[in-house]
Amino acid sequence: MFRNNYDNDSVTFSPQGRIFQVEYAAEAVKQGSVVVGLTSKTHAVLCAIKRNAEELSSYQKKLFAVDEHVGLAIAGLTSDARVLSNFMKQQCLSERLTYDRAMPLELLVSLIGDKAQLNTQHYGRRPYGVGLLVAGVDETGPHLFEFQPSGLTQEMLACAIGARSQMARTYLEKNLDQFAACGRDELIHHGLRALKETLVQDRELTLENTSVGVVGLKELGKKALEPFKVHDGPDVKDWINSVADEAEAETSAEGGEGEGEGGEGMQVDE
Amino acid sequence: MTSIGTGYDLANSIFSPDGRNFQVEYAVKAVENGGTSIGIRCKDGVVLAVEKVITSKLLKPGANKRIATIDKHLGVVYSGMVPDGHHFVDRARDEARAWRETFKTPISTSDLSSRMGGYLQAYTLYQSVRPFGITAIIGGFDSELEAPVDGQVGSGPSIGAGGKVEGKHGGPGLYMIEPSGMYWGYYGAATGKGRQAAKAELEKLNLAEGTLDLKQAVKEAAKIIYIAQQDNKDKEFELEMSWISNADGPTKGRHMEVPKDLLEEAERLAKKAISEDDEEEEEGNEKMEE
Amino acid sequence: MDHRPQAWGRPRDDVYGAYDASYLQANGPNQHTQSPIVTGTSVVAMKFKDGVVMAADNLASYGSLARFTDVKRIRTFADTSIIGFGGDVSDMQYLDRHLTELGIDEAYQSEAGHTLNARNLHKYLSNLLYNRRSKFDPLWNHLLVAGLDEESRPFLAAADLLGTTFTSPSLATGFGGMLAQPIMRRYVPDEAAVAGVSRDQAVEVIRECMKVLFYRDARSLDSYSLAIVTKDGVELRENEKLEQQSWAFADRIKGYGTQTV
């Protein structure tokens, strides 16, 4: 069998100029359960599927608050994510202490990007095995960033990472134009529908396995903040129901015309 | 490739029997896959431009800047691995800051290039690190005015020896640094996927003559990025440009983004030039067929 | 004669007696700055309905000697805030360089629309001053920071060499605290009064304060800098002159020096 000689560490280029260790780390992100993020003019929303190791165990947390104005969603190695999350918390606190302001999102994300890049250039380290979606609101409004193990960070309008996330991304691309004008609940609705696209047959969004994180401006053009909050369990009931109702309505309307605006995105997985 | 299987390409800083460091050459491969970057040095300033390939529809348009400011008067653009580019930018900013702390005056474009060339070269020396997967273009405008010392608050005595050097100094500067740490000064520099086509276009501008002005250079830069991109037309891209003029020019000696209206104008002209080229080509083809 | 290197450049023991070398010894407490050397005097500033006006004269004194007469003690930051420096001039220059660096750092993100506002800047500088005093190595300055806060309201605050902070519709450092504050307070006794003061009025009051300070402060000068910060940016004039001075009151002053009548 062909043996790849160039994938033993993150300080060796392949003859094509690739670094396999970093690419493998990106695979670890795909092992994690899916998370979705999206933004409107006023809000940034994160939605996640939580996993439990076995029937009786608790579910693994997927969303974390970093500061009043920032939260993140993780896919991949949770312990690596906690290192980055703690670092971001410290940076945000230090920004408040030093300048008395909320950390600008772009700056925060570039700090973890730089941290991750160093792990891909020095021997004896390994890249972080986690992808993040960082959502927040700063002086310039709501933002969503994607972080990859390579240290690449990109600002997105919407994004999904983790297992079967391609389905969610397809949904997001299809409905991208609508997001900017969405209200808070509408945006969450889109997030959960994107999440739903990734589910395998017979799996459903439930109170136990679904997390929703929201941060935003109370009103467009004003400074007042709706701080980042993670909603779990009973808090997400209404949102899940609204997505489920739609699915039912669609099945009942099958054969006839679609349900207009809401119907289109649902066909991918079926 | 002759390097594969010899064992001399499995670690950085290893010479092969014919005196090559393959890991550095592989790093260059990473650059050659990246979006095209160019820099133009003209008589009254410098323009930097980059082709940002759009990898996903979900990316926020206009965000994710690839051209970075290093000091007030210095900018950098790069092709290759973007996180490595960030590392490069961070280091360049540290160098510029350290220079100011020591000498109480801004670092010159050539001095920054020298420092960064040294930094990249150091990453080819050890097995414990890998070379940078980028080629960077540094553009700057060193002040032609009598430079004040940082922190100076008065003008000092109006007569007497001032330690001033007579004659012209300062001006535009453009340098390109490769993963090996080697760097040269340029009138026009290009790197990344479309560098061959871009270089051919840059040569047509006769930059050494010093006749091209900054506004023309912005338009030429846009056109070159569009021409260099012709070979992968199917890939969508965003054009990002920045410029630096002297203290009397439009940017007042600072490195900044090209204003939106000028950028749009330049893009419009670039698109037009390309479609005209296409038509000519088609006409040519028709004639050939005849 | 003693030719050992440690005696080089020192008074000869045989002529001047034993040299007191105690200050050369490394043990014992470390001493940092004990007093300022070249100093600037008052900075005055007051809010008006759309912004803040600030002034400081262009003198740097060496003790009682009027040593430098073209020293600009107000600087701008990111074209949105101004800082006035009272106290040690070399420490001011250190802070000036520090702020230049901070301004460059901030400009990395400026395209994204972030910049430190006056309140952020004041927080940062007061932290810096407090940090230094906690190392018993203070920056010997009294600063006024002016600009707009995140809600675009006029902002004015002070920070001193101990890291003490204070805010008020009108502020003054040094002698100005005694001589200019009472004048300014007639116009802006509280925050509510700020809305009733126009830009021209505020400039007029500040000019009056500069004149009173020149009359009564022996370490002051009649050439000064005046800055006005509003949402439209900073207007900084660095070579203002005191106009219409009248020293008629001078010969009525009694009770100083060798005066006997």
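Residues numbered from 1 in each chain as written. Chains lettered and ligands numbered in written order. Predicted model: local features only at pLDDT ≥ 70, side-chain atom pairs only at ≥ 80, totals over all residues. Heavy atoms only, no water.

(A) Spotlight on the interface of chain A and chain C. Each side of the interface is counted separately: chain A has 13 residues, and chain C has 15 residues. Where chain A abuts chain C, roughly 1200 Å² becomes buried across the two surfaces, and 48% of that area is made up of carbon and sulfur atoms. Contact with chain C buries surface across chain A, with A:Y99, A:D100 and A:R101 losing the most and accounting together for 41% of the total. At the junction of chain A and chain C, the tally comes to two salt bridges. In this structure, the salt-bridge partner of A:R101 is C:E106, at a minimum N-O distance of 3.0 Å. Counting every contact that joins chain A to chain C gives eight residue pairs in polar contact (both at pLDDT 80 or more). At the level of elements, α2 (78-99) and α3 (105-118) of chain A are the ones that each hand at least two residues to the side of chain A that touches chain C. Classifying every residue of the side of chain A that touches chain C by side-chain character gives four nonpolar, two polar and seven charged. (Contact = heavy atoms within 4.5 Å. Buried area = accessible area lost by both parts, 1.4 Å probe. Salt bridge = Lys/Arg side-chain N within 4 Å of Asp/Glu carboxyl O. Polar contact = N/O pair within 3.5 Å; in protein donor to acceptor, adjacent residues only side chain to side chain. Helix = DSSP H or I, 4+ residues; strand = E, 2+ residues; numbered from the N terminus. Nonpolar A, V, L, I, M, F, W, Y, C, P; charged D, E, K, R; others polar.)

(B) Region of interest: the packing of helix α2 (residues 89-107) of chain C against helix α3 (residues 118-134) of chain C. Residue and element names in this part refer to chain C. Taken N-terminus to C-terminus, the directions of α2 and α3 make an angle of 135 degrees; their axes are 13 Å apart at the nearest point. By the criterion of interaxial angle, the relationship of α2 to α3 is oblique. The chirality of how α2 crosses α3 is right-handed. Residues Y94, L95, H98, L99 and L102 of α2 form the contact with α3, whose participating residues are L121, Y124, L125, L128 and R132. When its residues are assigned to classes, the contact of α2 with α3 shows eight nonpolar, one polar and one charged. (Axes fitted to C-alpha atoms, helices over the stretch in contact; angles between N-to-C directions. Parallel < 35°, antiparallel > 145°, perpendicular 65-115°, else oblique. Left-handed = near helix turned anticlockwise from the far one by under 90°.)

(C) Fine view of unusual backbone geometry. Phi is positive for A:D202, close to 75 degrees, though the residue is something other than glycine. Position of A:D202 among the secondary structure elements: in the loop between α5 (184-197) and β9 (210-217). The exposed category is assigned to A:D202, whose relative accessible area is 76%. The phi torsion at B:K252 lies on the positive side, around 55 degrees, for a residue other than glycine. (Buried < 20%, exposed > 50% of the residue type's maximum accessible area, 1.4 Å probe, protein only.)

(D) Expanded view of empty space enclosed by the protein. Residue and element names in this part refer to chain C. Counted by the stated rule, this structure contains one cavity of 30 Å³ or more. Volume-wise, the largest cavity comes out at about 40 Å³. At three residues, helix α7 (residues 199-216) tops the list of elements feeding residues into the lining of the largest cavity. Residue composition of the lining of the largest cavity, grouped by class: four nonpolar, three polar and one charged. (1 Å grid on protein atoms, 1.4 Å probe; cavity = no way out; pocket = protein on both sides within 12 Å on 5 of 7 lines; lining within 4 Å. Points joined across faces, edges and corners; volume = space filled by probe spheres on them.)

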